[in-house]
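Listed here are the chains, written in short residue letters.
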Amino acid sequence: MKLFMAGLATETNSFSPLPTGLTGFQEGGLYHGDATRHPVTYWTGALHLWRREAEARGWTVAEGLATFAQPAGPTVRRVYEALRDEILEGLRAALPVDMVLLALHGAMIADGYPDCEGDLIARIREIAPEAKIGGLLDPHCHLTEAMLAGADALICFKEYPHVDIEPRAGELFALIADAAEGRVNPVMRDHDCRIVMAMPTPEGAMRAFVDAMAAREAEPGVLSLSLVHGFPWGDHPRIGARALAITDGDPALADRLARDLAGRLWDQRQAILQPVHDIPAALALAAAAPSGPVVLADMADNAGGGAPSDATFLLRAMLERGMTDIATGIFWDPVAVRICADAGEGARLSLRLGGKCGLMSGDPLDLQVTVRRIASDLTQRFGTLPAPLGTAVWLSTGPEDSIDIVINDNRTQTFHPEALTGPGIDLERRRYICVKSSNHFRAGFAPLAAQIIPVATPGAITPDFTAIPYRHRPPTYWPRVEDPFA
């Protein structure tokens, strides 16, 4: 048996002011057939696992291009075409192959290509018509007809935060391996849930939904069940939640399961919908909390969804309110990082922070700061896998240096407390912790938080799902309309 594997992943925010170019992929990691000869990261974890599983069986592995870019706006056309074509050339050179496994996202849009994953899978199918093709997807994908038609099996992470990348990668490997050896015949069907919202899985109704869905995979004939959450800020006709079922040669069962899962999600929609507060309400709640630390999530400036991550709205409001004992980050500000690096650790200087990428970033803050630490070798955990921080700088400002700020030059959301403690901040000394993240932060911060407050700040990832200005997705979804099936 011979496996060809590759990866091409980014999540496209159609409303982001930042284009996704080659630099974004180079910063995220751009490997020309040798990703598994480098240390594992959160987005290469699947490739490392697939190689281990294949080689343990004595199979041959051919590895193509693998790359990831931090979410931003649409990918530049020539960049997508070059990356795609390198994968296709690698596949041609590896022929014949029995299996193709792809580490994808599922919500990648490029200039002229509204469905990059569907385009890539279709071209792979043309080159290797007899191979079994599997794709590992982020649940924040657009599950398209082209993707379903070209692949034999697509599996999404079940958890949000995505702490289950490796288990899902293992399931996909096993399913495609069984299909290649003739033990199963995967058949996929999906169903539109007509829902657009965020669906965190750690607790409550969504936790129960995921657990019940996973339990049903043990039923006869069922190979895999996934819930596609959809990526609300990618302007695409297939935006929104979709239920996906894979059965062993039984399309009627797959269709029935997908419809049943969609119906169960619809019944739980009100319980799953997450309350979010505007800045004044959030800060009033935070100030009234009996104890800390209180974690405030700057949801709309999340680099993991395509926002610049340099918005100043929340920190400015806290400063104007006279709040102290704050730790906040990560601000993406390469200019400020360079200034601080030139000044050196211990320097006291005037620094213009953030507000550099447009209206969604707000106005810059002019602060007197002390440079506490500069580090270029730090990572933070995303689930169990490391994510690099680039060059990170710990700054302090405010009365008695009671406000800690982390800035960096590698745009990324705040996944874990390590993003703040790694540079040296003692979070136990701070009453308020502000993170630029929508939900992934919960896995790491929930154990230390006395309270978590989601904040609807201005930005590229508004959590008001009724107000996203779609051009390609008709407004036939809840909560935009109460009955989208009418």
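Residues numbered from 1 in each chain as written. Predicted model: local features only at pLDDT ≥ 70, side-chain atom pairs only at ≥ 80, totals over all residues. Heavy atoms only, no water.

A.B. asks: I tried to follow helix α7 (residues 204-216) on my own but got confused; where do I start?
C.D. replies: In an α-helix, one turn spans 3.6 residues, which is why side chains three or four residues apart end up on the same side. Taking 1.5 Å of rise per residue, the 13 residues of α7 would be expected to cover 18 Å, and the 19 Å separating its terminal C-alpha atoms lies within 8% of that figure. Within α7 the residues assigned to the buried category are Ala205, Met206, Phe209, Val210, Met213 and Arg216. Buried residues of α7, viewed axially, fall in a sector of 135°; they line one side. Within α7, the exposed residues directed more than 90 degrees away from the buried face are Gly204 and Ala215. On the buried face of α7, the contacting elements are β8 (222-228), α8 (251-267) and α9 (269-272). (Helix = DSSP H or I, 4+ residues; strand = E, 2+ residues; numbered from the N terminus. Expected span 1.5 Å × (residues − 1). Buried < 20%, exposed > 50% of the residue type's maximum accessible area, 1.4 Å probe, protein only. Arc of directions from axis to C-beta. Contact = heavy atoms within 4.5 Å.)

A.B. asks: Looking at this structure, how should I read the environment of Arg84?
C.D. replies: Along the polypeptide, Arg84 turns up in helix α3 (residues 77-94). Judged by its relative accessible area of 5%, Arg84 falls in the buried class. When the C-alpha positions of Arg84 and Asp119 are compared, they lie 9.1 Å apart, and in sequence the two are 35 residues distant. Discounting chain neighbours no more than four positions away, the residues touching Arg84 are Leu8, Tyr113, Asp119, Leu120 and Arg123. A polar contact of 3.0 Å, which involves the side chain of Arg84, links it to the side chain of Asp119. (Polar contact = N/O pair within 3.5 Å; in protein donor to acceptor, adjacent residues only side chain to side chain.)

A.B. asks: Just to check I follow, could you spell out empty space enclosed by the protein for this structure?
C.D. replies: Remark: the empty space left among the atoms is shown by a probe the size of a water molecule rolled over them. Inspection of the entire model under this criterion finds 3 cavities of 30 Å³ or more. Estimated volume of the largest cavity: approximately 470 Å³. Together, 31 residues line the largest cavity, and Phe68, His105, Asp138, His162 and Phe382 are the ones closest to its centre. Those elements giving two or more residues to the lining of the largest cavity turn out to be β1 (2-9) and β4 (99-104). Counted by class, the lining of the largest cavity contains 17 nonpolar, 12 polar and 2 charged residues. (1 Å grid on protein atoms, 1.4 Å probe; cavity = no way out; pocket = protein on both sides within 12 Å on 5 of 7 lines; lining within 4 Å. Points joined across faces, edges and corners; volume = space filled by probe spheres on them. Nonpolar A, V, L, I, M, F, W, Y, C, P; charged D, E, K, R; others polar.)

A.B. asks: Got a minute to help me understand the layout of surface pockets in this structure?
C.D. replies: Taken as a whole, the largest pocket holds about 460 Å³ of empty space. Secondary structure elements with two or more residues in the lining of the largest pocket: α1 (22-28) and β15 (385-388). Here the lining of the largest pocket takes 4 residues from α1, the largest share from any one element. Of the residues that constitute the lining of the largest pocket, the class distribution is 11 nonpolar, 10 polar and 2 charged. Taken as a whole, the second largest pocket holds about 280 Å³ of empty space. Lining the second largest pocket are 15 residues, with Pro200, Pro202, Glu203, Gln274 and Arg442 positioned closest to its centre. Elements with a contribution of two residues or more to the lining of the second largest pocket: α7, α9 and α14 (442-445). Sorting elements by how many residues they give to the lining of the second largest pocket places α7 first, with 3 residues.

A.B. asks: What is the right way to look at the sheet that holds β1 in this model?
C.D. replies: Paired through their backbone hydrogen bonds, the strands of a sheet run either parallel or antiparallel. If you trace the 6 strands from one edge of the open sheet to the other, you get β2-β3-β1-β4-β5-β6, paired in mixed fashion. Edge positions in the sheet fall to β2 (30-32) and β6 (153-156), since each of these pairs with one other strand and no more. In this sheet, neighbouring strand axes are inclined to one another by 15° on average, regardless of whether the strands run parallel or antiparallel. Note: β4 against strand β5 (residues 132-137), 5 bridges, orientation parallel. Its bridge partner lying in β5, Ala103 is registered against Leu136. (Pairing = 2+ DSSP bridges. Axes fitted to C-alpha atoms, helices over the stretch in contact; angles between N-to-C directions.)

A.B. asks: Would you mind going over the pattern of salt bridges with me for this structure?
C.D. replies: Should their charged atoms come close, side chains of opposite charge can pair. Overall, the coordinates contain 36 salt bridges when judged by the stated rule. Among the ionic pairs, Asp119 bridges to Arg84, the shortest N-O distance being 3.0 Å. One end of the pair, Asp119, is in helix α4 (residues 116-127); the other, Arg84, is in helix α3, with 35 residues separating them in the sequence. The salt bridge partner of Glu482 is Arg269, with a shortest N-O separation of 3.8 Å. Placement of the pair is Glu482 in the segment after β19 (451-455) and Arg269 in helix α9, with a sequence separation of 213 residues. What makes Glu482 exposed here is its relative accessible area of 52%. The network of salt bridges with common partners includes Glu145, Asp190, Asp192, Arg194, Arg238 and Arg242. (Salt bridge = Lys/Arg side-chain N within 4 Å of Asp/Glu carboxyl O.)

A.B. asks: Mind showing me how you'd approach unusual backbone geometry here?
C.D. replies: One can expect most non-glycine residues to show negative phi and most peptide bonds to be in trans. In the segment running from Gly292 into Pro293, the intervening peptide bond is cis, with an omega of 0°. Of note, Pro293 is situated in the loop between α10 (279-288) and β10 (294-298). Between Trp478 and Pro479 the backbone carries a cis peptide bond, its omega angle lying at 15°. Within the secondary structure layout, Pro479 lies in the segment after β19. Of note in the backbone geometry, Ser309 takes a positive phi value of approximately 70° without being a glycine. Note that Ser309 resides in the loop between β10 and α11 (313-320). Unlike most non-glycine residues, Asp325 shows phi in positive territory, near 55°. As for its placement among the helices and strands, Asp325 is situated in the loop between α11 and β11 (326-332).

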